[in-house]
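One-letter residues, chain by chain:
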Amino acid sequence: MSETILVTGAAGQLGQRVLHHLTETYRVAPASIVAASRDPQKLAAFAAKGIATRKVDFDDTASLSAAFTGIDRLLLISTDELATPGKRLVQHKAAVDAAVAAGVKHIAYTSMPSPDDSLVSFAGDHAGTEQAIKASGLVYTILRDAWYHDNYLHSMPHNLQTGTWYSASGEGRIATISRDDCAKAIAAALASGKTESATYTLTGTKSLTDKEIAATAADVTGKSLAVVTVTDEQLLQGLQGAGLPDFFAKVLVTADANTRAGKFDIVTDDFKRLTGSEPQSLRDFFAANKAALAG
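Figured I'd write up the structure that's included with this text. This structure is a prediction, so every number in the text was calculated from the model and none was measured. (Residues numbered from 1 in each chain as written. Predicted model: local features only at pLDDT ≥ 70, side-chain atom pairs only at ≥ 80, totals over all residues. Heavy atoms only, no water.)

As for the nonpolar core
And step 1. Counting 33 residues, the largest nonpolar core has Val 7, Val 18, Leu 22 and Leu 202 as the members making the most contacts within it.
And step 2. If you list the elements that add at least two residues to this core, you get β1 (5-7), α1 (13-25), β2 (33-37), α7 (179-191), β8 (198-202) and α11 (270-275).
And step 3. Ranked by residues supplied to this core, first place goes to α7 with eight residues.
And step 4. Leave out the neighbours within four places in its chain, and Val 18 touches Val 7, Leu 75, Ala 183, Ile 186, Ala 187 and Leu 190. (Core = buried A, V, L, I, M, F, W, Y, C linked by side-chain atoms within 4.5 Å. Buried < 20%, exposed > 50% of the residue type's maximum accessible area, 1.4 Å probe, protein only. Helix = DSSP H or I, 4+ residues; strand = E, 2+ residues; numbered from the N terminus. Contact = heavy atoms within 4.5 Å.)

Description of the pattern of salt bridges
As a working rule, side chains carrying opposite charge can pair if their charged atoms are close by.
And step 1. Taken as a whole and assessed by the stated rule, the structure comprises 16 salt bridges.
And step 2. Glu 212 serves as the salt-bridge partner of Arg 173, at 2.9 Å between the closest nitrogen and oxygen. Linking Arg 173 in the loop between β7 (164-167) and α7 with Glu 212 in helix α8 (residues 210-221), this pair joins segments that are 39 residues apart in sequence.
And step 3. Residue class for Glu 212 comes out partly exposed when judged on its relative accessible area of 31%.
And step 4. The closest approach of N and O atoms between Arg 283 and Asp 219, which form a salt bridge, is 2.7 Å. Of this pair, Arg 283 sits in helix α12 (residues 282-288) while Asp 219 sits in helix α8, placing them 64 residues apart in sequence. (Salt bridge = Lys/Arg side-chain N within 4 Å of Asp/Glu carboxyl O.)

Quick word on the sheet that holds strand β6 (residues 139-145)
And step 1. Reading across the sheet, the seven strands line up as β3-β2-β1-β4-β5-β6-β8 and stay open at both edges, with parallel pairing between neighbours. Edge positions in the sheet fall to β3 (52-55) and β8, since each of these pairs with one other strand and no more. When the angles between neighbouring strand axes are averaged without regard to direction, this sheet yields 20 degrees.
And step 2. Both β2 and β3 contribute to a ladder of four bridges, which runs parallel. Note that in β3 the partner of Ser 37 across the bridge is Lys 55.
And step 3. Running at roughly 175 degrees to strand β4 (residues 73-76), helix α4 (residues 87-102) makes contact with β4 and β5 (106-111) of the sheet.
And step 4. On top of the sheet, helix α5 (residues 123-136) reaches β4, β5 and β6; it is set at about 170 degrees to β5, its chief contact. (Pairing = 2+ DSSP bridges. Axes fitted to C-alpha atoms, helices over the stretch in contact; angles between N-to-C directions.)

Structural notes on the environment of Ala 10
And step 1. On the secondary structure map, Ala 10 appears in the loop between β1 and α1.
And step 2. The exposure class of Ala 10 is buried, given its relative accessible area of 0%.
And step 3. Taking the C-alpha atoms as reference points, Ala 10 and Lys 194, separated by 184 residues in sequence, lie 22 Å from one another.
And step 4. For Ala 10, the residues in contact, after removing those within four places along its chain, are Gly 15, Gln 16, Leu 19, Ala 35, Ala 36, Leu 43 and Phe 46.

Observations concerning the packing of aromatic side chains
And step 1. As enumerated under the stated definition, the model contains four aromatic pairs in all.
And step 2. Consider the rings of Tyr 152 and Trp 165, whose centres lie 6.2 Å apart with planes at 75 degrees: the pair is edge-to-face. Residue Tyr 152 is located in helix α6 (residues 152-162), and its partner Trp 165 is located in strand β7; the two are separated by 13 residues in the primary sequence.
And step 3. A relative accessible area of 6% places Tyr 152 in the buried class. (Phe/Tyr/Trp six-rings, centres within 6.5 Å; stacked < 30°, edge-to-face > 60°.)

Looking at the packing of α1 against α7
And step 1. For the pair α1 and α7, interaxial distance at closest approach is 8 Å and the crossing angle is 55 degrees. Relative to α7, the element α1 lies oblique. The handedness of the crossing between α1 and α7 comes out as right-handed. Counted together, Gln 13, Leu 14, Arg 17, Val 18, His 21, Leu 22 and Thr 25 of α1 and Arg 179, Asp 180, Ala 183, Lys 184, Ile 186, Ala 187, Leu 190 and Ala 191 of α7 form the full contact between these two elements.
And step 2. Partitioning the contact of α1 with α7 into residue classes produces eight nonpolar, three polar and four charged. (Parallel < 35°, antiparallel > 145°, perpendicular 65-115°, else oblique. Left-handed = near helix turned anticlockwise from the far one by under 90°. Nonpolar A, V, L, I, M, F, W, Y, C, P; charged D, E, K, R; others polar.)

So, the packing of α4 against α5
And step 1. Look at α4 against α5: their axes get within 9 Å of each other, and the N-to-C directions meet at 15 degrees. On the basis of the axis angle, α4 is roughly parallel to α5. Considering how the two elements wind past one another, α4 and α5 form a crossing that is right-handed. On α5, the residues that touch Arg 88, Leu 89, His 92, Lys 93, Val 96 and Val 100 of α4 are Gly 124, Asp 125, His 126, Gly 128, Thr 129, Ala 132, Ile 133 and Ser 136.
And step 2. Its residues placed into classes, the contact of α4 with α5 shows five nonpolar, six polar and three charged.

So, in structure tokens, the structure goes:
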């Protein structure tokens, strides 16, 4: 392709996988890609493959326009600034303004399902960013990533060791998807060359309750796992007691509340529309990561 693509957050887990799929799955020439990070030294492996690297610091707004100069398609991966409420949205708006000033033609953004109708604590960041992108006048591709399969690798090993999963999700359902599959779909969108605006919601093919997820994890690992339903308040106290920072504990509690309210019960075929393939199931993901899951 003749267009130049810049990927922010390129040193992060999602950014690295997007770059992998751009070059390896969709065969985009490295010379057409720019990898950007607050610390370009972390991008040495990509630089060795012929991918240009630039510094992008969302807290240094004056530098953003220069960083985006000469870029046709910009992938704005949402930052990890969650500890300070509102700061991430400020960062994202600054990036959108800089993209306009730099003459970027097309902006892609990693959002979340239904951010304008969500109980998740950081949903407003995504809703506000989507609004800013649409108001910018740029052609856009919004990619709303569902909850990652990968997130279970943080808590599920402990749950399986104790045999208990404390959850406030009730009978709510959620259709998770792997981070790598999201990266594959994002790369497909970037490499497509399409010039019309679009919004995609990337989910798994099946929506599951926590009890069904627990049964899957237990079946894969051979360990027993019971889901114990608790209130939001009980879950928050438990997470804080385990040493999680308040802001992150609230993220997890509000995610459970969102699931319980049915707001994560979304299944689309957008992944297949973008990639031509089916996403990895949660069972297959658990099987592929059995060692990590079992702790």
